[in-house]
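Residues per chain are reported as follows:
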Amino acid sequence: MNPVRLEDCHTKEELLEQLITQYGQDIKRLAYTYVKNWSTAEDITQEVFISCYKKIDDFRGESTYKTWLYKIAINKCKDFYKSRWYRFVIPVDNVIEKFTGRNSSLEEQLISKEKDYLLSQHVLSLPRKYREMIILYYYEELKIWEIEELTGIKQKTIKTRLRRAKQQLSKDWGRTI
Amino acid sequence: MDDKLKNLRESMNNTVLKRGTIDDFEKRKILNAAFSGEVQQKRNYFPPLLTTIVVTVFFLTIGSFGFHHIFGLKQNSAGIPKLQKSGLENETKEQVSMVTKNTEDNDKNTGENLEDGQANYPYIVLNDFYYKKTNEEITSDQLGEQAGEVKRIGDWAIKKSGDSNEISPGPIFFIKGRTNDYIAGKGVVFKDGKNIAAYLVFKKADQVKESNTDNILSAKGDTEEIKIAFQNIKKKVGTLFGFMNIDSRASLQLVSYSNGPIVQLYYSAPEGDKKNGNELIQGELFIYQYNKDIQLKDSRFNKPVEYDVVKGVNGKFTTKKRDIVWKKPVLAESFSLNGISWEVFEDAYYNDLVFKGQTEKYNIEITTQGNFPIERMKDLLKFYKVAE
């Protein structure tokens with residue numbers, strides 16, 4: 001899919017719609033890897049595009065729309081951790097599932113490879129600062145310098161966290177296999 | 001580990017991030033939120049409310065205790081411990097023991113923590129018993145033998161061994177030096193401002209009671225519950241249509257009677273899977289069945305409502321209904337199958353087909369996701385009939 005370009009869209013609203021179509025799902029999934037709660041990830045996705053719509057006129061094209069949106073998303077996720085709601089939010093998915101009966105775990109276990117599931121769970125169980133690096137580097141396939149640009153964390157620290165995250169994952173993996 | 005991580009995107013998208021897709025409905029929701037500048041939040045107000053109540057009750061209790069102590073009054077009220085002993089130390093001990101006793105009382109297997117036979121606390125189900133989450137965490141070296149496995153997370157009407165509403169699928173263990181009334185599983189705790197993984201301890205509590213399945217009218221994600229809900233709805237509406245005897249081609253994923261008497265069914269139909277670049281769009285069929293005298297709000301034959309943003313004089317954005325160019329779906333073909341008169345409409349607005357079925361009493365509306373040309377749908381509809 002080609003990146004969204006302003007010149008291809010006639011209005012700001014059309015551009016927003018294009019951005020949601022192209023990056024909405026990625027933003028929602030990225031947010032989930034931070035907050036581990038679909039309801040919150042949906043809220044954050046909405047907040048990202050609210051900010052995007054408000055600031056779209058100020059976007060100077062110094063980065064791609066994707067990088068810009070990711071930066072907003074990561075900041076929103078970190079803001080969320082600072083909020084009082086964060087400490088209350090962990091069981092929310094369970095509450096929602098209670099009412100909706102929504103569940104994909106069994107389906108996932110049956111359909112998906114067990115190892116994929118285990119690896120994904122181990123990644124999600126990592127401490128946040130390690131998980132963030134694994135997601136940005138391996139899941140989003142960003143370069144170290146891109147992660148630095150997005151998170152403001154120095155390259156040396158990023159490499160250290162990546163190394164430690166992998167050590168932790170190897171340890172967890174060894175315990176379950 | 002590096003090799004495994006190279007496929008992390010695929011691994012996660014196929015498993016834990018599978019639910020992260022955005023459909024048209026959610027896209028509209030995000031657009032509306034962006035235009036209105038307000039998130040349509042679904043946050044859980046119960047925990048902060050509960051915390052407020054607990055803190056208030058705690059301070060009222062302490063306040064009452066202090067008041068009676070200072071003024072030397074004897075406390076006779078029910079539910080408040082006797083405080084006639086002299087000296088702060090004794091009283092403090094009394095307070096502590098009261099708290100401990102109450103906690104123990106709550107842990108008794110009295111069934112008082114069940115609502116309609118269902119646990120109202122965080123649990124793991126193992127061998128027909130709920131194991132209730134305690135406030136304790138242990139380290140991996142305290143884990144004993146494996147007790148079982150959490151197989152699915154969520155809350156279902158029919159509880160099965162391996163269900164948990166608290167921790168993700170994975171092994172669960174007995175604990176060294178403890179009876180088998182205690183088990184532990186890997187979960188998440190919030191400590192020192194961080195979300196960290198920890199082994200959470202669960203204690204054997206209430207026995208799982210057989211569920212009353214008569215009230216299950218909506219289900220998703222559990223084959224058994226879906227079947228029960230389908231049969232229960234059938235009893236309610238009298239005649240219920242569905243794809244019969246082609247489970248491998250069209251399997252029921254969701255049954256809903258929440259807008260009863262409108263019945264909603266979602267089928268997964270892999271033959272309609274479609275690739276969009278690297279993304280796989282899964283073949284799905286969305287069905288509404290409703291009495292002819294009912295107006296279906298979400299019908300494709302109603303004009304969709306969309307919003308535009310208007311910048312007010314104060315610089316703030318407000319929403320205004322968009323004057324969209326929309327035309328009613330256009331009839332393309334008609335045919336009859338299994339006593340249902342079908343009309344196929346081309347929907348230019350969504351660029352797909354809508355299948356409208358009619359019987360003497362019911363309207364049926366089917367929309368699709370994925371690749372479902374008329375011929376494929378006709379072949380599938382041969383199996384769409386009155387449920388047995």
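So, how was this worked out
- Residues numbered from 1 in each chain as written.
- Chains lettered and ligands numbered in written order.
- Predicted model: local features only at pLDDT ≥ 70, side-chain atom pairs only at ≥ 80, totals over all residues.
- Heavy atoms only, no water.
- Helix = DSSP H or I, 4+ residues; strand = E, 2+ residues; numbered from the N terminus.
- Buried < 20%, exposed > 50% of the residue type's maximum accessible area, 1.4 Å probe, protein only.
- Contact = heavy atoms within 4.5 Å.
- Areas by Shrake-Rupley, 256 points an atom, 1.4 Å probe, with all protein chains shown as cover.
- Phe/Tyr/Trp six-rings, centres within 6.5 Å; stacked < 30°, edge-to-face > 60°.
- Lys NZ or Arg CZ within 6 Å of the ring centre and 35° of its normal.
- Axes fitted to C-alpha atoms, helices over the stretch in contact; angles between N-to-C directions.
- Left-handed = near helix turned anticlockwise from the far one by under 90°.
- Nonpolar A, V, L, I, M, F, W, Y, C, P; charged D, E, K, R; others polar.
- Pairing = 2+ DSSP bridges.
- Core = buried A, V, L, I, M, F, W, Y, C linked by side-chain atoms within 4.5 Å.

### Structural notes on the overall build of chain B
Along its length, chain B carries 7 helices and 24 strands. For chain B, buried positions account for 41% of its 388 residues. If you take every contact in chain B between residues at least 6 apart in sequence, the share linking residues at least 24 apart comes to 52%. Summed over all atoms, the accessible surface of chain B reaches about 21800 Å², with 50% contributed by carbon and sulfur.

### Observations concerning the packing of aromatic side chains
What describes a pair of aromatic rings is the distance from one ring centre to the other and the angle between the planes of the rings. Enumeration over the complete set of coordinates arrives at 15 aromatic pairs over all chains. Ring plane angle 65° and centroid distance 5.2 Å describe the contact between B:Phe243 and B:Tyr384, whose orientation is recorded as edge-to-face. One end of the pair, B:Phe243, is in strand β12 (residues 241–243); the other, B:Tyr384, is in strand β24 (residues 384–386), and 141 residues separate them in sequence. For B:Tyr384, a relative accessible area of 0% gives the class buried. By way of ring pairs, the aromatic residues B:Phe241, B:Phe243, B:Tyr267, B:Trp342, B:Tyr362 and B:Tyr384 are connected into one cluster. Directly above the aromatic system of A:Tyr139 lies the positively charged group of B:Arg9, at a separation of 4.6 Å from the ring centroid. Taking the ring centre of B:Phe335 as reference, the NZ or CZ of B:Lys378 above it sits at 5.1 Å.

### Observations regarding the packing of helix α1 (residues 12–35) of chain A against helix α2 (residues 38–55) of chain A
Residues and elements named next belong to chain A. For the pair α1 and α2, the least separation of the axes is 8 Å and the interaxial angle reads 145°. Judged by the twist between their axes, the crossing of α1 over α2 is right-handed. Class assignment for the residues of the contact of α1 with α2 results in 15 nonpolar, 3 polar and 5 charged.

### Some remarks on the sheet that holds strand β14 (residues 263–268) of chain B
Residue and element names in this part refer to chain B. The 8 strands are arranged β11-β13-β14-β17-β23-β22-β21-β20 in an open sheet whose pairing can be described as antiparallel. Two strands close off the open sheet at either side, each with one partner strand: β11 (219–220) and β20 (330–337). The sheet contact formed by β11 and strand β13 (residues 251–256) spans 2 bridges and is antiparallel. Looking at β13, one finds that Ala219 is bridged to Val255. Each of β11, β13, β14 and β23 (362–369) touches helix α6 (residues 223–237); the most contacted strand, β13, lies at about 55° to it. Where helix α7 (residues 374–381) meets the sheet, its contacts fall on β17 (284–291), β20, β21 (340–347), β22 (352–358) and β23, and the angle it forms with β20 comes to roughly 30°.

### Considering the nonpolar core
If you look at the biggest cluster of nonpolar residues, it comprises 63 residues, and the most contacted ones within it are A:Leu16, A:Leu19, A:Phe49, A:Leu69, A:Ile134, B:Leu8 and B:Met12. For A:Phe49, the residues in contact, after removing those within four places along its chain, are A:Leu16, A:Leu19, A:Ile20, A:Tyr23, A:Gly24, A:Ile27, A:Leu69, B:Ile30 and B:Ala34. Counting 39 residues, the second-largest nonpolar core is a separate cluster that includes B:Tyr257, B:Phe355, B:Ile366 and B:Tyr384.

### A word on the pairing of β17(B)
All names here are of chain B. The buried fraction of β17 is high, at 7 of 8 residues. Inspection of the sheet shows β17 paired to β23 by 8 bridges, in the antiparallel sense. Within the sheet, the bridge partner assigned to Asn291 lies in β23 and is Tyr362.

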